[in-house]
Every structure is written in structure tokens, then in C-alpha cells.
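Structure assessment
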8 protein chains.
Amino acid sequence: MYLIIVGAGKIGSNLIDMAVNDGNDVVVIERDEARAQAVSRRHDCLVLNTDATTNGALRDADVDRADAVISTTNIDAVNIMVMLLAQEHGVPSLVSVVHDPEHLPVFEKIGVNLMETPQRLIADHLYHSVRYPDVHDFIELEDGTELIELTVSENADMAGRSLNAAKEGDVLPDGCLVVALSRDGDVRAPQGNTVIQADDQVTVFTDDATLRGAVTAFTGDYP
Amino acid sequence: MYLIIVGAGKIGSNLIDMAVNDGNDVVVIERDEARAQAVSRRHDCLVLNTDATTNGALRDADVDRADAVISTTNIDAVNIMVMLLAQEHGVPSLVSVVHDPEHLPVFEKIGVNLMETPQRLIADHLYHSVRYPDVHDFIELEDGTELIELTVSENADMAGRSLNAAKEGDVLPDGCLVVALSRDGDVRAPQGNTVIQADDQVTVFTDDATLRGAVTAFTGDYP
Amino acid sequence: MYLIIVGAGKIGSNLIDMAVNDGNDVVVIERDEARAQAVSRRHDCLVLNTDATTNGALRDADVDRADAVISTTNIDAVNIMVMLLAQEHGVPSLVSVVHDPEHLPVFEKIGVNLMETPQRLIADHLYHSVRYPDVHDFIELEDGTELIELTVSENADMAGRSLNAAKEGDVLPDGCLVVALSRDGDVRAPQGNTVIQADDQVTVFTDDATLRGAVTAFTGDYP
Amino acid sequence: MYLIIVGAGKIGSNLIDMAVNDGNDVVVIERDEARAQAVSRRHDCLVLNTDATTNGALRDADVDRADAVISTTNIDAVNIMVMLLAQEHGVPSLVSVVHDPEHLPVFEKIGVNLMETPQRLIADHLYHSVRYPDVHDFIELEDGTELIELTVSENADMAGRSLNAAKEGDVLPDGCLVVALSRDGDVRAPQGNTVIQADDQVTVFTDDATLRGAVTAFTGDYP
Amino acid sequence: MYLIIVGAGKIGSNLIDMAVNDGNDVVVIERDEARAQAVSRRHDCLVLNTDATTNGALRDADVDRADAVISTTNIDAVNIMVMLLAQEHGVPSLVSVVHDPEHLPVFEKIGVNLMETPQRLIADHLYHSVRYPDVHDFIELEDGTELIELTVSENADMAGRSLNAAKEGDVLPDGCLVVALSRDGDVRAPQGNTVIQADDQVTVFTDDATLRGAVTAFTGDYP
Amino acid sequence: MYLIIVGAGKIGSNLIDMAVNDGNDVVVIERDEARAQAVSRRHDCLVLNTDATTNGALRDADVDRADAVISTTNIDAVNIMVMLLAQEHGVPSLVSVVHDPEHLPVFEKIGVNLMETPQRLIADHLYHSVRYPDVHDFIELEDGTELIELTVSENADMAGRSLNAAKEGDVLPDGCLVVALSRDGDVRAPQGNTVIQADDQVTVFTDDATLRGAVTAFTGDYP
Amino acid sequence: MYLIIVGAGKIGSNLIDMAVNDGNDVVVIERDEARAQAVSRRHDCLVLNTDATTNGALRDADVDRADAVISTTNIDAVNIMVMLLAQEHGVPSLVSVVHDPEHLPVFEKIGVNLMETPQRLIADHLYHSVRYPDVHDFIELEDGTELIELTVSENADMAGRSLNAAKEGDVLPDGCLVVALSRDGDVRAPQGNTVIQADDQVTVFTDDATLRGAVTAFTGDYP
Amino acid sequence: MYLIIVGAGKIGSNLIDMAVNDGNDVVVIERDEARAQAVSRRHDCLVLNTDATTNGALRDADVDRADAVISTTNIDAVNIMVMLLAQEHGVPSLVSVVHDPEHLPVFEKIGVNLMETPQRLIADHLYHSVRYPDVHDFIELEDGTELIELTVSENADMAGRSLNAAKEGDVLPDGCLVVALSRDGDVRAPQGNTVIQADDQVTVFTDDATLRGAVTAFTGDYP
């Protein structure tokens, strides 16, 4: 893909890293001279040291053939201006960081495809980490449903028990569903008679009512 | 829980927001006066306007009864100092943002329980968004395996097809596993004869080899 | 009218001056504390010392009943964000300064009613002043046509001559049209037999071809 | 013409743009190094990177053969010093931006030929735009008289009516005078029997008493 | 006298000191807040903390009844603006510091009564001090003529010699004239037969040709 | 002479100017890079861009053969350090600017030969100028005695009168002594019968009691 | 003692701490407002928030009855000015930090009683620490002689050996002298027959030639 | 030794000086460009102009073969991060400056071999200097015991007296022990019959109770 990345701050430079390593054709627009030079030195990509909102910077970046423009600056107002200018050129994929959640409707309205509110995402992970130290990762679905991934502890109620036995013994809360199990590198959909073992990594659908019970059942421990 | 949050920048203040709204007992330590005042005005929590690494700031925050100390400043060196000081006081849960991935082993070694490298996390999401615009969220598992969540499009090969039929017709790549399906608010583990419908949300285990095929099969479209 | 003026820099404060003196109901949003205080001291209007793009500033300004939002900050990206947020609230009249002419299409596209590119407007006036020192003011019409206002000099060819006589004697270039004449405080549409006198103020339609001839005819002098 | 332009800020650089494109011989004096370099790169003109008020900067700019010196800096005190120094060299045309209206008498007294108070000019246009959204441009004459330009709307009272009919029917306020009419690119002085049509551009003399009536008559709509 | 002093930097505050101690009625205009407060604390005079070139500062200082306005700021452009504004109000005595000697003609032309170029004055004294360490003070007259004041040394040729004897013995250069002599607190015009004594303070007219000889004759010593 | 000048601010650069033009061998030590370069460009002298109080800067300036070290920086503490270091090297002539009059005893005690308190000197001249606008220059002697220089006005009492006649007629205050008179370029010691003429430049010894009378007698005018 | 401490930076505030806790009468002069306030809050002493080199600060600190003035600022030029001013007042003990070793002769010459060059002292200790990790502390005497303090290791040659035996067995280098021994809290001068034991703290005179041998003998280990 | 020194501030550069002059192999890591260049110019060592806590700076400094890493920056948090990173690489000797005494336990816990709290060390010396001006240097031992070095004055009680005589005459306080005596360059352990002479340098063990008496006995003078 031909990608234009606006902003080479910490988010931006991680993104450049991934995109270049993956073999994409990347152009970076960064206003700060020192950052622009740092990117030039480290990566094999074109770097324009200019303000993306002025003087035909996007044109210099050959925006008309870009597959995506990704705006990662710290200022939502700059990000929206970049999105609007890119839209003028018919770029198919418009992606932007949005810092203030109150700005989300504006980005949506002008048709930005995908947005991230980074600080909230991080805070979410940190808070989750404090509340459920045994949960490695999670996907939030609508209405409080979550897909969580955890490792089964030796002293947990579920260790050594089949899913069917767990249901019968009320060890697992109703409505909580084990959708996948990873053991020794193999990933499988567990059956009712699958016996959960310590050190298995399980992925479980839970909701607000069952989350706590599920974590306790698999890890034996709830803060 | 009794939580001490160090740093009230953007990540920190999102975290304070969540933690206070959730009914936790929160103390914030923030060095910058303007930020400290902003937190005081907005939230019902104690705010100490001081440098967390000096002059008994943690003691003033009553660190000895804290369940967790979460360090969210922009400087890894400050975060590690906060973790070490908190550890001196025997705080059970030590959580920190770590900006430079090269610092991760140091945080691990001194025994920090949980870490986040925020810019990489965001960049990951942005890049994923550009590559797979139809994937809403994902969990990266070890060795290139991923759990992805997507919505089935009307014009996709999988729409109107059972999982068994898909396997037989080579529509779904081998080794890619549909672990969950959410339709009209219900979450279930699909069976071989479950017919996938447009607008279903499916969660699929994939790996490097099957990711592209899986996305195409469910969304009919690959950039 | 109920007007929200964003930015109290030099343009903004002149505007506040006019709008308040004219009896409008004015709310000012200005980020800089010193400027905000200066406006408060000088004018009878509500001043919000906050960033117009964040934290419900427009809501605090009661944007839903505003007749117009006028954005006068120095940064186009901020101005466009303000316009977008105001549009969300259905404000009928959206007016903004636009500094970079390349941004005009973007403002137009999102439907901003009226825009000004101030530095170009001033430069236009300065340049006109240097080229045609005798022209007091002017309106640029499409295709190089201009409406210019000048004062007739004593030693000019047109002084003491009727419009008809001027045409016959080729004193006035063809296609240049005297549309109005102001003498002793009276404004009238001149007729063919109206005799132009020294010190009359005339308003003349000219184009690129006739401008120079017209200025010379009425002022006797061309730099 | 041989022009010396002092200051290459936003006003100054728009002016340089116009003056150079028009084929004038331009010398720019700009104190800030970055701005001076930007002008050098973009335009074919001599740029002196120095303070126009010191060290013979004007002499280096060959002020003795200049047709005009135009001072566009942000500080009135600097502008007046430049005007005084230019006057020492007998420059025929002295033009300056004046930011504080209270300084106008001083500029006049030392004999500056032409002045502009930019922020007031812009504010004037913005305010006019909010009050009379249908008026495109205007010239303020003495004593509240204005020459305004507007486009006739289909649903306006004047659409399809001759000027004579309008007067008889009291559609147009007394004392308001249509001095010119532009239709399909032609500019003419309308006669009593000229019928005004939708989409005509008309130029009208008005005063405080008639302005509102005139705008309503031609556009059918008054805020 | 009623004096307005603009600027309370080091020169300004020394001046305020003298003027207030001498019983004048003094108003100070100083832009910097800290300096303005320092003057207020130390002196019994009105201090306006504002920019003398804006917003009717001079009017607030009651400029119409001032005997003199003295501008002591570091920036010549500000000083000239103050002089011009004071002149508008008909202040009888206009005095200003002028830092750049090239600006002197401009101050003269607008009719500033008295000017000082401080850095040159100091440098003059320092340089004189290095060249003629025995000369206490001096007045430069036109064409290299100087009036110098020195103390007679015991081992000098002039010590114990009458002026007539000195002339005959060629001890004093021709054209160098002893105009005054101060001994034991008495000041007198010396006669030809006055005998110069060690420790007398003499005031001597000299020119470029005689300066060195005169200093040597009275002090016996030339660097 | 071989001179080391420390500091190239405004005082310093005027001094460098004089010293170099006069043919001295000059070394300049200036800490600020921009100033050091400016001196290098303008003058034919060695410039050391370093802090005069550190790292052997004086040694690099070959202080051991210097006839004088002159310190002109803005900070008395720096000036005294320079004087002490120069004294270590036995420099014969030590000259320094002293800004705070309270520091004079310290400079005297360590044996600095000559000092100037510049702001006081300037303020003195400005204040003198306001009080006696007709006095061109002056030397302050001990105990309120002053030597003043002024030009005789046509309408003054002394114009056309001999010194003897003036004494008899009580036109000149007792104790005020005309020590020199400059007419058409000649300088002479006036005799009792010398007739003073308009436009003569006279030098007069006065004291507190006679100053005002003397100025009035020669200029006819006292503010 | 009555002590005036100039400067409340890190060195200064440690010193204030010691001096106040020890019951001295302390006055602190600190220019920076925040630091001055911090000292006031923490200690029971008078704090003057002013520049010690100006405006009679030392007089306000009642310098005439001070036993010592100790200058701890970061700038040697300021320290020397403080010392000179204190000397003017006849303060018996003048103590100062001196940062640049080249300035030591100047401080000595003006009669400062005691000086410390802090960065060199620290660097000395750090470097000593790296070279001789087993040496706890040391005093440098003239000509490379040092008094070092170390703890005897179990596996060292000297452990369990009398001083006489050590000499005979060439275990201790000639000329290295054990002057004191501290065991179980008792300090004594060891005799020839005193047996050194592991964990004894010994103080040894060494010179360049014997240092290495001595350290090895007592600690068994040399890097 | 192969040494990595982090930070080239004042402490750091003194240390570099010592280490390089002593023939060690030194690598310096300094973040500030100007400081890094200054070190490069002055010393024969490798200088890395980078942040020691990021981007493999220690790896570039070849940390794996370093004998010691010495961190001398002003910020404890940076110093601890450097220590932790160096520890990861198994560096045998870890030495750091620690500014805040409250951080000492943290440095100790992670196993830093040696630490210095510089400002306290300097303050200690300054305070000692003021209290005991005759004591040249000292080592603080545990429990208030000190080893002090002083020079015997002519008028002291101990001058001309043997140690035995001193004890008998109660001239020396009990428990104070003369451990060494340096006379004419020779260092010896004094015997009971050794006669102390003026100008001898003696090293004495004292404690809180005997310090004052000892100083008085040898110097005859106590402030």
C-alpha cells in the first residue's frame, strides 16, 4: 500500500516502523525538524519536513495515489484539517487519532473511516490490568460483553475439570462461554467434555454479570 | 480499591475518570500545578500537587494502605523510580506505562506486575485499521496467531453459507476457526451446520497464513 | 443578534467592539487568559476563557440559540474545528477567517457561509494604494472589472468637461462607465450632459484595459 | 515600479506575491531569518535579512531610487521609524500598515501618504458579512453612505420589476440609487425602465436609513 | 516642573530618582509590571503600568499639562513614537535617549529638543579614561578642541612654575590655555604670573595637537 | 596601546569602534556568539567568543602584555571578577563599568583605576537637559560647583555687554566666572573689557547659588 | 554563631539544615522566590528574598554582627562579590564555594578564609570509589600521601596477623603505617603485636607507592 | 579500567578529567549537545551525544566490557534507570550520585555499589569549615567519632609538650587519641614521649565530647 503518515511523534514513529517493515510505500509529513531527521535516518521512506496543513504538503506527498492518509498529531484540529484536505483528493482510507472524545462526532460526520482515542484506550488497558491482573487481553463488545483471555492457574476450580462438569457443578457462571483454548501452541474450540488444565490459555465470552465469576473460576483469585 | 495514580496527563486523567466513576478510592500525584487543579475541580478525589519521586509524596498519599500504584508519566525513568519507591512500601499491585520497549526488561526485573507501552499499542491499532478496515478489534496471541472480530458483509462468500459448507468449498482457509458468533445480541459458539448471515459479528482465530483469506471470506473485500 | 465570537486577538477585538456597540448579544471565547481579561474589562459581554475546541466550550456559550458563530483565530485548523462543532449544533450563520487560500475549498465544502482571507485583503489594499494612490477604495468584480472611487483633480482632463464631451474627445477610455457622482454631500447618477468638476467624487466601472486611462483622465497623474 | 517592502509576515508576503507577479522590482527587508529565507526561496526578489530601522538597511536596499516604501510590520513604532527614515531619503510614496487607530494622526502628520488599519478592516468585513450575508462587497463613503454590491434573488420584490415600477410601488426606499447592473458579464448603468432580473448583480448607493430596505428589496430576506 | 518619564529601566530609574528628589512632579510610564511596582515602592510618584505608545497612556498621564516628556526606553522606534505622540499634545520640552546614531537626524527633524546617545557617551568616557588616566572630566568642543580638568602632580614640569615662565620655557604647548584653577576650594582665572602648585586642579583648553603635551606638562606622565 | 575589552554590548561595541579606529591593538572577549560574530565582521580585531571569567580566556587574550583591561558587561559581579583576574596578571590599567553605586567601594578597594556608573551618567545628562535646555555640556566639580558651556542668545542681557559692565550692572551673579570664550572658532580667555556677543560660546564656572542667574544672563530664558 | 548563608540551592539548603538544627542563628539570602519560600516553610530562620549583591541585602541581614558569611551560589562571580561586600563590613569568617579551580587564587588573594570546589570534591570521591571500592573514606595529605579507612576482609592476608608479623612477612608494604584501629566501637592506636581481625576498621597512612599494596593486604582484592 | 561516565555536567566533567588523565579507557554519554562537544574538544575519549536511558546508548558504549558505569546526572530517576540498565549487562561496578537522601534505600536495594549525595557532602564540609576553621579535613566515623587533621599553632597549649605530659596536665581531653603526626614531610605514629611542635600536622581521633577540647588544645583558639 501507499501510505501517508502525518506526524512522527511517539505514536507516529511506532506506526512508521510497522508500516515500513511490512514493505509498504510510506511518506511521512512531520513539522518538527529534529523529528523529521530522526525518521529519515532510521527508516527507508520519504520524509517531508513541513506542516501538513499548508502549502501543498499533501500534493508533494503525491496524495492522489495514496491508499490511506493516517493523521497521528497531538492536536485534533490539525488532524481534522488533514482529513478534510485528504478527502478533497479522494483518498480511499482516512484514519486519524482523535484525542478528545467530544470530537468523535465531527470526525464521523466528515466521513473519517476509522478513529482511535489513544489515551482512553491506554487508560482502559491500565484500569483493566489493575482490576483483573490475570486477564492478559480483552475485546470490548457492545453492551458490556467482553471477550477475555486468561491463563488457568493450578489452584483454580476449573483446573482438571471438563466444561460439562463445570456447568453441572455451578463452577462457571451461566452465560459465560469458553470459545477457544490454546494448549502447547494448538488453538481449538473446546467441546463439553474438554478437560481444562492448568496453564491452558482460554478465551471466554463474559458480560458484566459473569466476568468476576469467570475470572475467579479460572484463576482462583480475585482482588 | 485504594489506588494511587501518578501523573494526570491525558492517559492519567482518563484513568482517574474511570477509577473514580467506578467507586474506587483514588489519590492522584501530579507535579504540574495547572493539571493538578484541573483534576481537583473535575473529580472527587485527593490530589497532591508534588513530584512523586521526592519528599515523601507517596507517604503523604498513604501508600502503605494502597492496593495499587499506577504510574502514567511521560518519562520512563520517573515511572521506574515511582515503582521502586512503591515497592519499598510493599504495595501489592505495581502498574506502569513504559514508553520505550527497550526498558521493558528493567521493569520486569524489578517486579512490576503489569506494563503498557502506549504508543506501540495505538500504532498497532492504527496499522491494523489501515490493513484490515473491516476488523473491529483483535487480540494478538503468541506466534502470529490472532483473534479477530468482524462483521459479515452481504456480498461476502461466507454470507448464507454453513461452516461445514465453507470448509468443503474451500471458502474458509484451513486452520482458521470461528469461535464465536454474535447475532441480534446473542453470543454463541457456532456449530458446523450454523449458517453465517450478513451482519453477524464473528470472532475468528487466524494466523499469518490464514488472516487475509479469512477477512476476504467474511467481508468480500481486501485492500 | 446573538453572536459567538471565537478569538479575541486584534481582528477579534475589533469585531467585539463593533458587535457590542451595535447592541448585539455577544459571547466571546478566548483561550489566552490575559486577552480574555482585557475583553472583560473593556466590554459588556460574557467572556469564556477556554479553548473553543474542547470541553463543551460552545455549549457553555449557549450555542444552540446563537445566530452566528464567527471564528477569528490565527490558525485555520482551529477555525475549521470551531465551524464543524458549531455546525453540529445547527448554527444558521457560520463565518470564519481563513488564512491560507489553499484552505478555502475545505471551508466551502463543509458549508461555511462566509470567509475572509485577511492578509490577502490587506495586501490587496496596500498594493492598490501604491499603484493607484488617487483611488480611495474599490470593489473587485469578476474578470478584472473593478468599481473604483476617486476625487477629480483641478488639472485633470475631465475637470470642467461633460461626460458626452469626454466621450467625443476620447478623454475617457471606451467601456469605462461613470456610475455615480458625489458633490457637496449629494449622491447622483450622472447623465451624459453632467459636467464633472474638480473635487467631485466619482465612482467608475473599469476593467484591466481602461483602468489606467480612467485614473489619468480624472486625476491627471499616473505613477 | 521599484518597491521596498518592510516585513514579510502574512500581510507582507501576500504583498510581495502580488508585487513580484506584477513585474515590479521588489526588495524585501525582513528581520526574522526563517521568514527571510522563505521569501528568497519563493520569489525572484532581493531579500535583506536585517532590521529595517538599523545599520543602513534602507541604504542597502537602494532607497534613493525607490518609488515607494511599504511598511507592514506588526509594531506601529517600527512602522513609523521606517516611514521617517524613508522620508529622509525623499521616497515619493510612503505607505504603512497602522495597527492602533490612535496612531493615525501621527502617521498623517509626518506625511505618510497612505495607511491601512488591517484588523479593523477585516473586522468590518466580518461584521458586515454577519449582518448582511447577501452583500458581497461594499465601499464606505462619508456620513454613513455605502455603495453595496448584491445578487438579486428569485423571490425578491425587485425581481422582474423595472426601477420605475419599483419607485412607484414603494418597493425601493427613497434615496437609494441603483448605479450599475452586471448581467451575463456586461456592466451597464440601468435606466428607469430597466427590468431587474434574478441573478443580476446590482450596485446600489444606500445610507443608514435605506440600507436595510434595499437589501430586503433585492434579496427578499433580512436577518 | 511636571515631568513624564517613559521607561523605568536603569537609565529611567536613575532619572526618576533625581527628578523626584529635586521636588518635581513626576509621572512614570513603564510597560513591565515588576519594574513599575519597584518604582512605586521606592518613589513618591504616580506610576502607570502600561505601554506608552498605546491606549491613551499619555492622556492618562495628563500630558497636556506636562513641561517635558523624557523617553528612556531601549528601543529607538518606541522613543520616536512617544516623542511624536507628545508633540501632538504640544508638550514644550521633548527629550529622548537615541541609541543608534543613525537615527539622530530623524529625531532632529521631528523637533525633539535634546537627545542623548548613551552607549556612545559612556564609551567616550571609558576610552578617554584609558588614554588619559589623569584627566578627571572633559567637554568636547567642536573641531577636536577639548576642555579638560586635571590635578597637577608633584613631579610635573608645571609644578612650581608660573604660566609666563611655562610659556617662555616651552613647557606648555602653544595654543593650550589654562582657563581656570581651583586651589583649596577657590576657583579663579589664573594670570600670567600665577604659579601652578602640586594638587591644584586646572581646567585647560586643548586641541588634538596640544592635548598630549598639556597632560604631560601637568601630570609628568603619559601612557 | 594593547587593549582587552570584555563585553561587546552597546557600550562595548561603541568602545571597540573608538579604540580600533584610533589604531590601538584590540582584543575583544564576548560570551554571546551572535555579538562576537558581529564584532568580527565589523572590526579588524581579534574576538574571543568565550566567558571572560573562565578557562583561561584572559590568557588566550595575551593578558600579560595588555596595557589595559576594560570590562563593560551588564553585571557588576562579572566585571569585578574580570578586574581581579586581570590584576593577577599585573595589568597596569584596570577600567570597569559599575552599575550599582553601592558597589563602587568594592571596586575602589581592589584597586580598579577608573570606573563609570553609566546609567547615572546618562540620567544626569538627561535631567540637566530638561532643567537647563540651553546648557550644552557641563563638568561637575566638588561641592556643587559646575563648569557649564552655553551659547549666548541675541535677547540675553549679556549680549553686547563687556564683562566689567556686566559686573557693575549686576547682570552676572557674583562668584560666577567666565573662563573661556569661543568665537568664530577661536578660543580665548576673556578679559574684563571683552564684549560678549550673541552666538559666542562661553564656558562659565558657577555654583548652586549662581547657576540659575548665569544661565538667564547669557540665554535670557529660564524654564 | 550568627551565620549569613547566601544561596538556597541544593548545597545551600543542606547547609541551612545543618546550621539551624545545630542551634545557630541563621539568615538566608536567596534570589529565587520559590526557593526562598521553601526555606521559610521548612526552617526556623529569617529568609531575605533578594539579590545578595544589591540594595543593601547584607545590611538587611545585619551583616555587622555576623560571625560568618557563607556564599553557596552557582556563579563564582556572584560569590566573589558577596565575599568582597562582607569583607567591607569586617565579617570575621568568609567562606565560599568556588566552582572553577582557576578562580581559587583570586578568592585567596582577597582574603577568603575557606573555600570548597564542590564538583571536584565529588568527582574525587566518585573516582576514588571506582578505583578502591573497599576504601570507605580518605583524607588527601600533601605529596600523594593519603589517610585511608577500610574494613578488613576475612580472606585478606592481614586477617589474623599481627602488625609485626606482617612486616616480617612482607605482607604490608614498607612505609605504610596503621595509625588506628576500630573494633567493636573502640578506637585505639595499634601496637606491633596487635593482631588484625576480620571486620576491624583500620586507618592507614599510605602514599602513591604503597596504596595498592595496602588495600590488597587488608581486603584481599584489587580491581 | 574501561569506564562509562553518564553525564558531563560539572561533577561529570571533573570526573572525566581525572579518569582520562589517569590513563583509563573512558566513554562519556551526555545528552546535551554543547556539553558533549566541549568534552570531545578537551579530552581524548569517546563521547556519545545521546540519552543514556534510550536507544541502546549503553550498547553503543560497549557496556558489556565495562569495568564500571558511573552516573552523575542531576536527576535521580535518570541515574537509577542507568544503574538498572547497566545491571542488565552485568557491569561489575555500579556507582551513582544520589541527590535526594530519601532515594538512598532504592539505590541500595537494586545493588548499586557506591553512592554519593553530593550536596550534603559539600554542605558538610562548608559547615565544618565554619565551625572548626583550623581543621583542614576530616573523616566521619560511626557514632559521632571523627578523625580530624589540624596544624599546631605556636600559641597552643600542646605546642612544645609531649603527649604524656599533655595527658598528665589534662591538656588533652581523655579519649582523644593522636594517631599520626606529619613533620617536615615525614609521617609517623607518635609515642607518649613525642613532643608536639608548632607547625606539626596532627591527625586525631575525637568524639562529640572531646572534639572541642582537642581543637582548642592544638590551635589555642575556638570560635
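Since we're looking at a predicted model, the values are computed, not measured.

1. Topic: the overall build of chain A
What chain A contains, in helices and strands, is eight helices and 13 strands. In terms of overall dimensions, chain A has a C-alpha envelope of 70 × 35 × 30 Å along the principal axes. In chain A, which comprises 223 residues, the proportion classed as buried is 57%. Pairs at least 24 apart in sequence give 53% of the contacts found in chain A among residues at least 6 apart. As displayed, chain A has an accessible area near 9400 Å², and 40% of this comes from carbon and sulfur atoms.

2. Some remarks on the interface of chain B and chain A
Accessible area lost during the coming together of the parts is what is often quoted as the interface size. If you look at the interface, chain B gives 53 residues, while chain A gives 53 residues. A combined buried area of about 4700 Å² lies between chain B and chain A, and 72% of that area is made up of carbon and sulfur atoms. Taken as a group, Leu 126, Tyr 127 and Val 130 of chain B account for 14% of the area that chain B buries against chain A, more than any other trio of residues on that side. Counting across the interface, chain B meets chain A through zero salt bridges. On inspection of chain B and its partner chain A, the count reaches four residue pairs in polar contact (both at pLDDT 80 or more).

3. Some details on helix 8 (residues 211-219) of chain B
Residues and elements named next belong to chain B. Of the positions making up helix 8, those classed as buried are Leu 211, Ala 214, Val 215, Ala 217, Phe 218 and Thr 219. Looking at the packing, one finds that the buried side of helix 8 touches strand 7 (135-140), strand 8 (146-151), strand 10 (177-183), strand 12 (195-196) and strand 13 (201-206). Immediately beyond the C-terminal end of helix 8, within one or two residues, lies Gly 220, with a positive phi of roughly 75°.

4. Some thoughts on the side chain of Thr 203 of chain C
With respect to the helices and strands, Thr 203 of chain C occurs in strand 13 (residues 201-206). Beyond its immediate stretch of four places on either side in the chain, Thr 203 of chain C contacts Leu 147, Ile 148, Glu 149, Leu 177, Val 178, Val 179 and Ala 180 of chain C together with Leu 147 and Phe 205 of chain D.

5. Considering the relation of the copies chain B and chain A
Mapping chain B onto chain A calls for a screw motion: a turn of 180° about the axis and a shift of 0.1 Å along it, with 0.2 Å RMSD after fitting. Here the two chains are linked by the operation of a two-fold rotation axis. By C-alpha distance to the rotation axis, the residue of chain B lying nearest is Val 179 of chain B, at 2.6 Å. In this assembly the copies share their binding face: 100% of the residues contributing to the interface of chain B also contribute to that of chain A.

6. A look at the packing of aromatic side chains
This structure, assessed with the given rule, holds zero aromatic pairs over all chains. Looking at Arg 65 of chain G, its charged tip hangs above the ring of Tyr 2 of chain G, at a distance of 3.8 Å from the centre.

7. Some thoughts on the arrangement of the chains
Taking C-alpha atoms only, the smallest gap left between chain B and chain D, which are not in contact, amounts to 31 Å. A minimum C-alpha distance of 31 Å separates chain C and chain F, which share no contact.

8. So, the pairing of strand 4 (residues 68-71) of chain C
Residue and element names in this part refer to chain C. Alternating positions in strand 4 separate into two faces, Ala 68 and Ile 70 on one and Val 69 and Ser 71 on the other, with burial throughout. Inspection of the sheet shows strand 1 (residues 2-6) paired to strand 4 by four bridges, in the parallel sense. Bridged to Val 6 within strand 4 is Ser 71. Two strands pair when backbone bridges link them, and strand 4 and strand 5 (residues 93-97) are joined in this way by four bridges, in the parallel orientation. Counted as the bridge partner of Val 69 is Leu 94 from strand 5. A crossover links strand 4 with its parallel partner strand 5, the connecting element being helix 4 (residues 76-88), and its sense is right-handed.

9. Points about the sheet that holds strand 10 (residues 177-183) of chain G
Residues and elements named next belong to chain G. Taken in spatial order, the five strands make up an open sheet running 7-8-13-10-11, and their pairing is antiparallel. Two strands in the sheet have a free side with no partner beyond their single neighbour: strand 7 (135-140) and strand 11 (186-188). Recorded for the sheet is a direction-independent mean angle of 15° between the axes of neighbouring strands. Where strand 10 and strand 13 (residues 201-206) come together, five bridges link them in antiparallel fashion. Directly across from Leu 177, in strand 13, lies its bridge partner Phe 205. Packed on one face of the sheet, helix 6 (residues 118-131) meets strand 7 and strand 8 (146-151) and runs near 130° to strand 7. Together, strand 7, strand 8, strand 10 and strand 13 form the strand contacts of helix 8 (residues 211-219), whose direction differs from that of strand 8 by roughly 15°.

10. Here we look at the sheet that holds strand 10 (residues 177-183) of chain H
Hydrogen bonds between backbone groups are what pair the strands of a sheet, and the pairing can be parallel or antiparallel. Residues and elements named next belong to chain H. Within the open sheet, the five strands sit side by side as 7-8-13-10-11. Their pairing is antiparallel. Looking at the sheet topology across the chains shown, the edges are occupied by strand 7 (135-140) and strand 11 (186-188). Looking at each pair of strands side by side, their axes are set apart by 15° on average, direction ignored. As defined by bridge partners, strand 10 adjoins strand 11 across three bridges and the pair is classed as antiparallel. Within strand 11, the position partnered with Ser 182 by the bridge is Val 187.

11. Some remarks on the side chain of Thr 72 of chain C
Looking at the secondary structure, you find Thr 72 of chain C in the loop between strand 4 and helix 4. Of the residues examined, Thr 72 of chain C reaches a relative accessible area of 7% and is grouped as buried. From its side chain, Thr 72 of chain C meets the backbone oxygen of Gly 7 of chain C in a polar contact 3.1 Å long. In contact with Thr 72 of chain C, not counting residues within four places along its chain, are Ile 5, Val 6, Gly 7, Ile 11, Gly 12, Leu 15, Asn 79 and Val 97 of chain C together with Leu 126 of chain D.

12. Section: unusual backbone geometry
With the exception of glycine, the majority of residues adopt a negative phi angle, and the majority of peptide bonds are in the trans configuration. With a phi close to 55°, Asp 170 of chain A is a non-glycine residue in the positive phi region. Looking at the secondary structure, you find Asp 170 of chain A in the loop between helix 7 (163-168) and strand 10 (177-183). Here Asp 62 of chain G, not a glycine, exhibits a phi torsion of approximately 60°, which is positive. In this structure, Asp 62 of chain G sits in the loop between helix 3 (57-60) and strand 4 (68-71). What makes Asp 62 of chain G partly exposed here is its relative accessible area of 36%.

13. Structural notes on the packing of helix 4 (residues 76-88) of chain B against helix 4 (residues 76-88) of chain H
With their axes 8 Å apart at the nearest point, helix 4 of chain B and helix 4 of chain H run at an angle of 85° to one another. It follows from the interaxial angle that helix 4 of chain B and helix 4 of chain H lie roughly perpendicular. Between helix 4 of chain B and helix 4 of chain H, the residues in contact are Asp 76, Ala 77, Val 78, Ile 80, Met 81 and Leu 84 of chain B and Asp 76, Ala 77, Val 78, Ile 80, Met 81 and Leu 84 of chain H, respectively. For the contact of helix 4 of chain B with helix 4 of chain H, the class distribution of residues is ten nonpolar, no polar and two charged.

14. Notes on the confidence of the model for chain A
Of all residues in chain A, 96% attain a pLDDT of 70 or more, and the chain-wide mean is 86. Interface confidence in the predicted complex, given as ipTM, is 0.76; pTM for the same model is 0.72.

15. Examining the pattern of salt bridges
When the charged atoms of two side chains lie near each other, side chains of opposite charge can form a pair. Within the structure shown, the criterion is met by 43 salt bridges over all chains. The partner of Asp 200 of chain D in a salt bridge is Arg 183 of chain D, with the nearest N and O atoms 2.6 Å apart. In this pair, Asp 200 of chain D is assigned in the loop between strand 12 (195-196) and strand 13 (201-206) and Arg 183 of chain D in strand 10 (residues 177-183), connecting sequence segments 17 residues apart. Judged by relative accessible area, which is 2%, Asp 200 of chain D ranks as buried. Judged by its relative accessible area of 14%, Arg 183 of chain D is buried. Of the charged contacts in the structure, one is a salt bridge between Arg 65 of chain H and Asp 62 of chain H, with a shortest N-O distance of 3.1 Å. Connected through shared salt-bridge partners, Asp 25, Asp 62 and Arg 65 of chain A make up one network.

What counts and what doesn't
- Residues numbered from 1 in each chain as written.
- Chains lettered and ligands numbered in written order.
- Predicted model: local features only at pLDDT ≥ 70, side-chain atom pairs only at ≥ 80, totals over all residues.
- Heavy atoms only, no water.
- Helix = DSSP H or I, 4+ residues; strand = E, 2+ residues; numbered from the N terminus.
- Buried < 20%, exposed > 50% of the residue type's maximum accessible area, 1.4 Å probe, protein only.
- Contact = heavy atoms within 4.5 Å.
- Areas by Shrake-Rupley, 256 points an atom, 1.4 Å probe, with all protein chains shown as cover.
- Buried area = accessible area lost by both parts, 1.4 Å probe.
- Salt bridge = Lys/Arg side-chain N within 4 Å of Asp/Glu carboxyl O.
- Polar contact = N/O pair within 3.5 Å; in protein donor to acceptor, adjacent residues only side chain to side chain.
- Least-squares fit on C-alpha atoms with pLDDT ≥ 70 in both.
- Phe/Tyr/Trp six-rings, centres within 6.5 Å; stacked < 30°, edge-to-face > 60°.
- Lys NZ or Arg CZ within 6 Å of the ring centre and 35° of its normal.
- Pairing = 2+ DSSP bridges.
- Right-handed = clockwise from strand over helix to strand, strands pointing away.
- Axes fitted to C-alpha atoms, helices over the stretch in contact; angles between N-to-C directions.
- Parallel < 35°, antiparallel > 145°, perpendicular 65-115°, else oblique.
- Nonpolar A, V, L, I, M, F, W, Y, C, P; charged D, E, K, R; others polar.
- pLDDT = per-residue confidence, 0-100.

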